[in-house]
Amino acid sequence: MDKDPKSNIPNNHISINQIRIFDTTLRDGEQTPGVSVDSEHKINIAIKLDELGVDAIEAGFPIVSEGERKAIKTIAKQGLKAEICGLARSVQTDIDAALSCDLKYIHTFIATSDIHMKYKLHMNQDQVLEHAIWAVDYAKKHGVQVEFSAEDATRSDRNFLLKVFKAVQEAGADRIDIPDTVGYATPCYISNLVKEVSENISLPVSMHCHDDFGLAVANSIAGINSGATCAHVTINGIGERAGNASLEEFVMSLHCLYNKKTNIQTQLLFETSKFVSNTMGIIVQPNKAIIGENAFGHESGIHTHGIINNPLTYEPISPELVGRKRWLQAGKHAGAHGIKAMLNEFGINPNDEQLHQIVEQQKTVADRGKSITTGELLSISGQIMGNKKFDEKFKLHDFHIVTGLNIIPTAVIQLSSEGKEFITSEIGVGPVDAALKAIQKIAVEVANIKVREYRLDSITGGSDALAEVSVKVEDNLGNVVSSRKSGADVVVASVQAMMDAINKVMLRKVLES
Ligand code: KIV
Ligand code: ZN
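Definitions and limits used
Numbering of residues starts from 1 in every chain and runs along the sequence as written. For naming, the first written chain is A and the first written ligand is 1, with later ones following in the order written. Per-residue local features are limited, in this predicted model, to residues with pLDDT of at least 70; the limit for side-chain atom pairs, both in listing and counting, is 80 or more; totals at the level of whole chains, interfaces and linings are taken over all residues. Side-chain metrics rest on all non-hydrogen atoms present in the structure, leaving aside hydrogens and water. Geometry of aromatic contacts follows a simple scheme: Phe, Tyr and Trp rings, the Trp one being its six-membered ring, pair when their centres are within 6.5 Å, and the pair is stacked under 30 degrees between planes, edge-to-face over 60, tilted otherwise. In DSSP terms, a helix is any run of H or I states spanning at least four residues, a strand is any run of E spanning at least two, and both are numbered starting from the N terminus. Classification of residues uses two cut-offs on accessible area relative to the type maximum, computed with a 1.4 Å probe and protein chains only: under 20% is buried, over 50% is exposed, and between them is partly exposed. Whether a charge lies above a ring is judged from NZ of Lys or CZ of Arg, which has to be within 6 Å of the ring centre and within 35 degrees of the ring normal. Two strands form a pair only when DSSP identifies at least two bridges running between them. Structural elements are reduced to axes, namely lines fitted to C-alpha atoms, with helices fitted over the stretch in contact, and the angle between N-to-C directions of any two is expressed from 0 to 180 degrees. Any two residues whose heavy atoms approach within 4.5 Å are treated as being in contact. Each domain's extent was defined by an automatic or database domain assignment. Note on terms: buried area is the combined drop in 1.4 Å-probe accessible area of two parts once they are placed together, counting the loss on both. Only one rule defines a salt bridge in this text: a Lys or Arg side-chain nitrogen within 4 Å of an Asp or Glu carboxyl oxygen. In protein, a polar contact requires one atom able to donate a hydrogen and another able to accept it; more generally it is a pair of N or O atoms within 3.5 Å, and residues adjacent in sequence count only if both atoms are side-chain atoms. Note on residue categories: nonpolar means Ala, Val, Leu, Ile, Met, Phe, Trp, Tyr, Cys or Pro, charged means Asp, Glu, Lys or Arg, and polar means any other residue, Gly included. Roughly parallel means an angle under 35 degrees; roughly antiparallel means over 145; roughly perpendicular covers 65 to 115; every other angle is labelled oblique. Residues are counted as near a molecule or strand when any one of their heavy atoms sits within 4 Å of it. For the accessible areas, the method is Shrake-Rupley and the probe is 1.4 Å, while residue cover comes only from the protein chains on display. With the strands pointing away from the viewer, any crossover whose connection runs clockwise from the first strand over the helix to the second is right-handed. Listed donors are limited to N, O and S atoms within 2.8 Å of the metal, widened to 3.2 Å for Na, K and Ca; water is not among them, so incomplete-looking sites are possible.

**Side note on the packing of aromatic side chains**
Then step 1. Under the definition given, this model contains four aromatic pairs.
Then step 2. A centroid spacing of 6.4 Å and a plane angle of 85 degrees characterise the contact between Phe148 and Phe165, whose relative ring orientation is edge-to-face. Taken together, the residues span a long stretch of sequence, with Phe148 in strand β5 (residues 145-151) and Phe165 in helix α6 (residues 158-170) at a distance of 17 residues.
Then step 3. Classification of Phe148 by relative accessible area gives buried; the value is 0%.
Then step 4. Here the guanidinium or amino end of Lys48 rests over the ring plane of Phe275, the centre of that ring lying 5.4 Å away.
Then step 5. Just above the ring of Tyr189 sits the side chain of Arg158; from NZ or CZ to the centre is 5.4 Å.

Structure (structure tokens):
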């Protein structure tokens, strides 16, 4: 019998079972440099977060603008299951702005570290204490739930921090929050701090950790492990500078490594991550845990072999748990087992000698620094197995694009399908649009295949950025197939992704017939 891979983990000493998820994607997440989300998009994200099952949504910082207040007010009116909260400094203008959004929950904060008090607030400890008490008291008098954050708590004098927390407790705060504002703490430090706070304060404690040293999730878990019952997190870990603790990583760690529960519908994690990434225009790094493109991708022969025998070998959690699928890549390190599994998916069963030749040929291509598309792999297999059925159904021969300031972008595409040559031209709003329309024109004519989705991400910054393109196509039977391609030339990557997707969906049809 297989041994549960979790059984060796001696870590299960979190004392409470249900952890509260306070999502701040729409507030701290929106503070990601260069990001600003309009009202409509904020509301859409709030609805997605609610479906995901977060317990609280920090919808924004009401004082910042009229548009922000409008969006927060609309979110508060949606009748969502999650509690809706707004951020306010410990001053009347901010709290009044939050109250004007009809919120029932206000998150107020003031910095308590020497460095912030001296260089930012220009206040001494007594003044900060007075502001904190006043703010909590004022907000409570308006009948709302109040969470109090001591900004830069982890760099604050411990005695002063405890004094402020005790004072806001007496002033009526409902919750306190410990921000590691500059991600400066270590898990050990957080454990010690949270224990001391919990011994002195009877209110529920939240953690708010930033990721400047990549420790935000570890620190949030350390806080939970020592008595905190809630964490402030963001989708995809977005936020100021290096971001906040990532909701996906935090939740999956709690569920899988610590056997703790949250209300999160984990199968919606990937979908929500994509939604936020697309809506806010912030790309998720490919190797990001849980939601990164490569998190469930396997390239090397050793790994794919293991995965095929038993996914537990190289997958600590099953991809379906977070709404994903595993994929195998026919790259330079791919071995016979992985290639065989990929071919088997298409109903192709080469014998040992054929498989050996397919792998050799695929490695020759990979050695040239070119990642092989599924269509190409199938075509190689077809040639080696002497079966024309697996040939690429559409072969791209060439394409030309004309674009410019006073020219309507125009693409001319030349391709062949089953021995027939096609040349067609199309115009579009840009060169990619023109090229895809031209290919689609032929694909519709020959096989009734249409583009359903096109997505372009820039993987790196700068004018030489690598573009990553995803294309989804659909045939007349409703089969949907996607393909991804990356390259420095966005038009070439788009055309290749489109061709690959068309070939894949065509082949599926052939194999099913
Ligand atoms: O990081 C931080 O300290 C904050 C506060 C406003 C809680 O975001
Ligand atoms: Zn923050």
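**Some remarks on the sheet that holds strand β6 (residues 175-180)**
Then step 1. Strand order in the closed barrel made by the eight strands is β1-β2-β3-β4-β5-β6-β7-β8, with parallel pairing throughout. Here the strands of the sheet are splayed against their neighbours by 25 degrees on average, with no regard to which way each runs.
Then step 2. Relative to β5, strand β4 (residues 105-111) runs parallel, the two sharing seven bridges. Following the sheet pairing, Ile106 is matched in β5 by Val146.
Then step 3. Relative to β5, α6 is tilted by about 170 degrees, and along the sheet it contacts β5 and β6.

**Examining the domain arrangement of the protein chain**
Then step 1. Under the domain assignment used here, the protein chain contains domain 1 (20-280), domain 2 (297-390) and domain 3 (394-512).
Then step 2. Each partner contributes residues to the interface: domain 1 has six residues there, and domain 2 has six residues.
Then step 3. Carbon and sulfur atoms supply 69% of the area that domain 1 and domain 2 bury against each other, a total of about 490 Å² over both sides.
Then step 4. When the area that domain 1 buries against domain 2 is broken down by residue, the three leading residues are Met252, Gln267 and Phe270, summing to 68%.
Then step 5. There are zero salt bridges connecting domain 1 and domain 2.
Then step 6. Joining domain 1 to domain 2, the criterion identifies three residue pairs in polar contact (both at pLDDT 80 or more).
Then step 7. Elements supplying a minimum of two residues to the side of domain 1 that touches domain 2: α9 (247-257) and α10 (269-280).
Then step 8. When its residues are assigned to classes, the side of domain 1 that touches domain 2 shows four nonpolar, two polar and no charged.

**Quick notes on the packing of helix α12 (residues 336-345) against helix α13 (residues 352-367)**
Then step 1. Look at α12 against α13: their axes get within 10 Å of each other, and the N-to-C directions meet at 105 degrees. The angle between the axes of α12 and α13 places the two elements in the roughly perpendicular class. Across from Ala336, Ile339, Lys340 and Leu343 in α12, the residues of α13 making contact are Leu355, Ile358, Val359 and Gln362.

**Some words on the site of ligand 1**
Then step 1. Around ligand 1 sit Arg27, Asp28, His107, Phe109, Ser149, Glu151, Pro179, Thr181, His208 and His210, and that is every residue in its neighbourhood.
Then step 2. Measuring from an oxygen atom of ligand 1, one finds a side-chain N or O atom of Asp28 at 3.1 Å.
Then step 3. Here ligand 1 loses 94% of its free accessible area of 260 Å² to cover by the protein chains.
Then step 4. Here the residues of the shell around ligand 1 are counted per class, giving two nonpolar, five polar and three charged.

**Some thoughts on the side chain of Thr24**
Then step 1. One can find Thr24 in the loop between β1 (20-23) and α1 (39-52).
Then step 2. Assessed through its relative accessible area of 0%, Thr24 is described here as buried.
Then step 3. Ignoring sequence-local partners within four residues, the contact set of Thr24 consists of Gly29, Glu58, His208, His232, Val233, Thr234 and Asn244.

**Quick notes on the pairing of strand β7 (residues 205-209)**
For a regular strand, the rule is simple: side chains alternate between the two faces of the sheet.
Then step 1. Counting buried residues along β7, five of its five residues qualify, which places the element largely inside the surrounding structure.
Then step 2. Of the two faces of β7, the one carrying Val205, Met207 and Cys209 and the one carrying Ser206 and His208 are both buried.
Then step 3. Pairing of β6 with β7, which is carried by five bridges, proceeds in the parallel orientation. Its bridge partner lying in β7, Pro179 is registered against His208.
Then step 4. In this view, the connection linking β6 to its parallel neighbour β7 by way of helix α7 (residues 187-200) has right-handed handedness.
Then step 5. By the bridge criterion, three bridges tie β7 to strand β8 (residues 230-233) in an arrangement that is parallel. What sits directly across from His208, in β8, is His232.
Then step 6. This β-α-β element, β7 to helix α8 (residues 216-225) to β8, shows right-handed connectivity.

**Focus on the coordination of the zinc ion (ligand 2)**
Then step 1. Within the first shell, the zinc ion (ligand 2) binds the protein through Asp28 (OD), His208 (NE2) and His210 (NE2), at distances of 2.0 to 2.1 Å.
Then step 2. Along the chain, the residues that donate to the zinc ion (ligand 2) are spaced as D-x179-H-x1-H. Of this pair, Asp28 sits in the loop between β1 and α1 while His210 sits in the loop between β7 and α8, and the two are 182 residues apart along the sequence.
Then step 3. On the basis of relative accessible area, Asp28 is assigned to the buried category, the value being 3%.
Then step 4. The exposure class assigned to His210 is buried, which follows from its relative accessible area of 4%.

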